[in-house]
Amino acid sequence: MQKIKFTQLKQPLICTIISDPTPAEIVRTMILSDFDGTDAYEINLMILDKKYWNEKDMGNIFKSTAKPVLVCNYRWDYDKHLDMNEEERIQLLINMVKWGASGIDLEADAFDPSTGPLEWTEEARQYTLNRKSKPRDWTTNANAIARQKEVIKEIHKDGGEVLMSAHTRVHLPVETAVSFAKEMEARGADIVKVVSADFNFEDLLDTMRATIEIKKVLKIPFIMMSHGLHSKIGRTVCPMFGSMLAFCTQPISPAGIFPLQPPIKVQKAAWDNIEWSVPKSPEEQRWL
């Protein structure tokens, strides 16, 4: 059975992040999340035990749900940096689509890792706090971009989709966020994800404004979001402004609790209990 693609789902949607170490736990999390009403999944391959990175085990995982499943294989595992060969790291993503995944999450600095301190170190934290730091997960290297385009074409050939992401680790001005989104679209991505860092509510307003501005110029779905405790409101509100989805968790899963990602039921409750549709233009509305 051919699964529906991310870009075919009604938006905004809920995508549950799965960070379980075994196939059995992943399937359990998927079953629970299907009941909770999730729309899609993204599996963190870097947390899944490597012995399961094969066609049989992964194929069984992808077949366990009718919902679309993206896979990511970042250079870090939410705790430390992982020293992995770049070509092998990306090839694993390509294999996953051949084995049944709906698509992949490809960083915007793939094949040319951006410079800076190793993820999940104190140096990395200070890098983020320094407003003069350059965005991470970003490259303009022509050779790297050419390789990214080749990967995108290969994924498309196998019937998959590519979400291109930039976890920049810094706060992005609105103009920068928009330019990054446009550039990732130009590289051939099906979905783009831009992640800023917000240190206060003024920063969060930048993220919300970027969401509105990206919506005006992109022809493809996008995700505009941010890191930091101030981002919690944005994770609910930005999808109301045009961002494609909210990343959520399944709290019953032992590996499912991340402080900035709301549980599926909480996110659904927020959207279900806020009236945010705009059925009339300003000219048609009454202002008294």
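As shown above, the structure is provided for reference.
What counts, and at which threshold
Residues numbered from 1 in each chain as written. Predicted model: local features only at pLDDT ≥ 70, side-chain atom pairs only at ≥ 80, totals over all residues. Heavy atoms only, no water. Helix = DSSP H or I, 4+ residues; strand = E, 2+ residues; numbered from the N terminus. Buried < 20%, exposed > 50% of the residue type's maximum accessible area, 1.4 Å probe, protein only. Expected span 1.5 Å × (residues − 1). Phe/Tyr/Trp six-rings, centres within 6.5 Å; stacked < 30°, edge-to-face > 60°. Pairing = 2+ DSSP bridges. Axes fitted to C-alpha atoms, helices over the stretch in contact; angles between N-to-C directions. Right-handed = clockwise from strand over helix to strand, strands pointing away. Contact = heavy atoms within 4.5 Å. Parallel < 35°, antiparallel > 145°, perpendicular 65-115°, else oblique. Left-handed = near helix turned anticlockwise from the far one by under 90°. Nonpolar A, V, L, I, M, F, W, Y, C, P; charged D, E, K, R; others polar.

It is worth spelling out unusual backbone geometry at this point. Between Gln11 and Pro12 the backbone carries a cis peptide bond, its omega angle lying at -5 degrees. Topologically, Pro12 is positioned in the segment before strand E1 (13-18). One non-glycine residue with positive phi stands out, namely Phe111, at about 75 degrees. Of note, Phe111 is situated in the loop between strand E4 (103-107) and helix H4 (122-129). At Arg169, a residue that is not glycine, the phi angle is positive and equals roughly 70 degrees. Tracing the backbone shows Arg169 in the loop between strand E5 (161-167) and helix H6 (174-186). Overall, Arg169 belongs to the buried group, its relative accessible area being 15%.

With 13 residues, H6 extends 19 Å between its outermost C-alpha atoms, agreeing within 8% with the 18 Å of an ideal straight helix rising 1.5 Å per residue. Positive phi shows up at Gly188, right after H6, with a value of about 105 degrees.

Another aspect to go through is the packing of aromatic side chains. Tallied over the full model, the rule gives 5 aromatic pairs. Plain terms: the ring middles of Tyr74 and Trp76 are 4.8 Å apart, the flat faces sit at 35 degrees to each other, and that makes the pair tilted. In this structure Trp76 comes out as buried when scored by relative accessible area, which is 8%. Summarising the aromatic geometry, the rings of Trp138 and Phe180 are spaced 3.8 Å apart at their centres and angled 5 degrees between planes, so their arrangement reads as stacked.

Okay, the sheet that holds E5 next. Hydrogen bonds between backbone groups are what pair the strands of a sheet, and the pairing can be parallel or antiparallel. In spatial order, the strands read E7-E6-E5-E4-E3-E2-E1-E8; together these 8 strands make up an open sheet with parallel pairing. The open sheet has two free edges, formed respectively by strand E7 (222-227) and strand E8 (245-248), since each of these has just one partner strand. Within this sheet the neighbouring strands show an average axis-to-axis angle of 25 degrees, counted without direction. In this sheet, strand E2 (residues 40-44) lies alongside E1 in parallel orientation, the contact comprising 4 bridges.

The next thing to look at is the pairing of E1. Across the 6 residues that make up E1, a large majority, 6, are buried. Side chains Leu13, Cys15 and Ile17 of E1 all project onto a buried face; the interleaved residues Ile14, Thr16 and Ile18 project onto the opposite face, where all are buried too. Traced from E1 through helix H1 (residues 23-36) to E2, the parallel crossover comes out right-handed.

Following the sequence through the fold, Thr16 ends up in strand E1. Classification of Thr16 by relative accessible area gives buried; the value is 0%. The contacts of Thr16, once residues within four sequence positions are left out, are Ser33, Thr38, Ala40, Tyr41, Glu42, Cys248, Thr249, Gln250 and Ile264.

A few words now on the pairing of E4. Along any regular strand, the residues point their side chains to alternate faces of the sheet. Burial analysis of E4 places 5 of its 5 residues in the buried class, the great majority of the element. Residues Gly103, Asp105 and Glu107 point to one face of E4 and Ile104 and Leu106 to the other, with burial holding for every one of them. Inspection of the sheet shows strand E3 (residues 69-72) paired to E4 by 3 bridges, in the parallel sense. Counted as the bridge partner of Val71 is Ile104 from E4. Tracing the backbone out of E3, into helix H3 (residues 86-98) and back to the parallel element E4 gives a crossover that is right-handed. Pairing of E4 with E5 involves 5 bridges; the strand directions are parallel. Bridge pairing in E5 links Gly103 to Glu161.

This part takes up the side chain of Thr236. Along the chain, Thr236 turns up in helix H8 (residues 231-241). Ignoring sequence-local partners within four residues, the contact set of Thr236 consists of Gln267, Ala270 and Trp271.

A separate point is the packing of H3 against helix H5 (residues 142-157). For any two helices packed against each other, the geometry comes down to the angle between their axes and how far apart the axes lie. Relative to each other, H3 and H5 sit at 15 degrees, their axes nearing to 10 Å. Between H3 and H5, the interaxial angle falls into the category roughly parallel. Pair H3 / H5 crosses with right-handed handedness. Side by side, H3 and H5 meet where Glu87, Ile90, Ile94, Val97 and Lys98 of the first sit next to Arg147, Val151, Glu154 and Ile155 of the second. Taken together, the residues of the contact of H3 with H5 sort by class into 5 nonpolar, no polar and 4 charged.

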